[in-house]
Amino acid sequence: MMTVSENIFHELDFFAVSFVLGILLVLVYDCLRIFRRLVRHGTVWISLEDLGYWVFTAFVIFAMLYQKNDGLIRGFSIGGIVFGMLLYNQLISRYTVKYIARALKKVIRTIQKICRIILTPFRAAAKKVSNKGSEIAGKGRKIKKILNKRLKIWKKLIRIGITKK
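Draft legend 1. Spotlight on the overall build of the protein. A count of helical and extended segments in the protein gives three helices and zero strands. The order of helices and strands in the protein, counted from the N terminus, is α-α-α. For the protein, whose C-alpha radius of gyration is 35 Å, the value lies well above the compact-globule estimate of 15 Å for 165 residues. Expressed along its principal axes, the backbone C-alpha trace of the protein runs to roughly 125 × 40 × 25 Å.

Draft legend 2. View of a positive patch on the surface. Judged by side-chain charge, Arg37, Arg40, Lys98, Arg102, Lys106, Arg109, Lys113, Arg116 and Arg123 come together as a positively charged surface patch. Classification of Arg37 as partly exposed rests on a relative accessible area of 36%.

Draft legend 3. Geometry of the pattern of salt bridges. All chains considered together, the criterion is met by four salt bridges. Two residues, Arg33 and Asp30, come together in a salt bridge whose shortest N-O distance is 3.0 Å. Linking Arg33 with Asp30, this pair stays in helix 1 (residues 4–38), spanning three residues, or about one helical turn. Given a relative accessible area of 1%, Asp30 falls into the buried group.

Draft legend 4. Layout of the environment of Leu24. Here Leu24 lies in helix 1. Residue classification places Leu24 among the partly exposed residues on the basis of a relative accessible area of 45%. Sequence separation between Leu24 and Leu86 is 62 residues, and the spatial gap between their C-alpha atoms is 12 Å.

Draft legend 5. Just the packing of aromatic side chains, in detail. All chains considered together, the criterion is met by six aromatic pairs. Consider the rings of Tyr53 and Trp54, whose centres lie 5.0 Å apart with planes at 75 degrees: the pair is edge-to-face. Connected via pairs of aromatic rings, a cluster forms that spans Phe14, Phe15 and Phe76.

Draft legend 6. Representation of a nonpolar patch on the surface in the model. On the surface, Val44, Trp45, Leu48, Leu51, Val55 and Phe59 cluster together into a nonpolar patch covering about 670 Å² of accessible area. Its location among the elements puts Val55 in helix 2 (residues 43–69). Residue class for Val55 comes out partly exposed when judged on its relative accessible area of 40%.

Draft legend 7. Molecular detail of the nonpolar core. Ranked by size, the top nonpolar core spans twelve residues in total: Phe14, Leu21, Leu25, Val26, Leu32, Tyr53, Ile61, Met64, Leu65, Ile81, Met85 and Tyr88. Listed by contribution, the elements that provide at least two residues to this core are helix 1, helix 2 and helix 3 (75–163). For this core, the element with the most residues is helix 1, which contributes five residues. Discounting residues that sit within four places of it in the chain, Leu25 has contacts with Tyr53, Phe56, Thr57, Val60, Ile61, Ile81 and Met85.

Draft legend 8. Inspection of the side chain of Glu49 at higher detail. Mapped onto the fold, Glu49 is located in helix 2. Of the polar contacts made by the side chain of Glu49, one reaches the side chain of His41; its length is 2.8 Å. Contact partners of Glu49, with chain neighbours within four places excluded, come to Leu32, Phe35, Arg36 and His41.

Draft legend 9. Geometry of helix 2. The terminal C-alpha atoms of helix 2, which comprises 27 residues, lie 38 Å apart, in line with the 39 Å expected from a rise of 1.5 Å per residue. Within the sequence span of helix 2, burial applies to Glu49, Asp50, Tyr53, Thr57, Ile61, Met64, Leu65 and Asn69. Asp70 sits one or two positions beyond helix 2 and adopts a positive phi of about 55 degrees.

So, how was this worked out
Residue indices begin from 1 for each chain and proceed along its sequence in written order. At least 70 in pLDDT is required for a residue's local features to be given in this predicted model, at least 80 for side-chain atom pairs to be given and counted, and no such filter applies to totals for whole chains, interfaces and linings, which use all residues. In computing side-chain properties, one takes all heavy atoms of the structure into account and sets aside hydrogens as well as water. Under the DSSP-based scheme used, a helix requires at least four consecutive residues in state H or I and a strand at least two consecutive residues in state E, with every element numbered from the N terminus. The size measure is the radius of gyration over C-alpha atoms, and the globule rule it meets is 2.2 Å times the number of residues to the 0.38 power. Patch members must show over 30% relative accessible area and no salt bridge, and they are joined within 9 Å when carrying like charges or within 5 Å when they are nonpolar side chains of Val, Leu, Ile, Met, Phe, Trp or Tyr. Note on areas: Shrake-Rupley, 1.4 Å probe, and residue coverage restricted to the protein chains presented here. Here a salt bridge means any side-chain nitrogen of Lys or Arg lying within 4 Å of a carboxyl oxygen belonging to Asp or Glu. Positive charges come from Lys and Arg, negative ones from Asp and Glu, while His and the chain ends are left out of the count. Charged groups are reduced to one reference atom each: NZ for lysine, CZ for arginine, CG for aspartic acid, CD for glutamic acid. Here's how the labels work: a residue is buried when its accessible area is under 20% of the maximum for its type, exposed when over 50%, partly exposed in between, all with a 1.4 Å probe on protein chains only. Paired rings are identified among Phe, Tyr and Trp, the last through its six-membered ring, by centres lying within 6.5 Å, and are further divided according to the angle between planes into stacked (under 30 degrees), edge-to-face (over 60) and tilted (the rest). Throughout, nonpolar core names a set of buried Ala, Val, Leu, Ile, Met, Phe, Trp, Tyr and Cys residues whose side chains join them through atoms within 4.5 Å. Residue contacts are defined here by distance: any two heavy atoms, one from each residue, within 4.5 Å place the two residues in contact. N or O atoms closer than or at 3.5 Å make up a polar contact, with two conditions inside protein: a donor-capable atom paired with an acceptor-capable one, and, for residues adjacent in sequence, both atoms drawn from side chains. Any helix carries an expected span of 1.5 Å times its number of residues minus one.

Shown next as structure tokens:
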């Protein structure tokens, strides 16, 4: 049988795990918010992402409750999760999302610039090839027109020759 102090330490441990879990859940949602700032998408995708997040959250909370407290829902554990979420959201979250998203945007822009610089010779070569291709296609069209005209003339001459007999 556990003594009173062991019970209290068990409950404090359970509350601390709940509190940290609340912080981690908001941190996961912040990652989702950062992704949304980097990749814009419509309300349908945002709704699906939120649905997935809340299903994930439900499973994580259930797993924590099952492991730490034999699946019993305790008010102070839900309070610890909510308190951790609120504290992290009010103190850290907005700065995390803002600065990490800004830094990642800079990294992405830098990578895009480097790729643009690296690919510039290939783009120029492709442009020259496409210009030559369109020149060749234009000459091909001209040749086709000339051949069609000559064929029409020959067709008329043959028709005239056949009908004169």
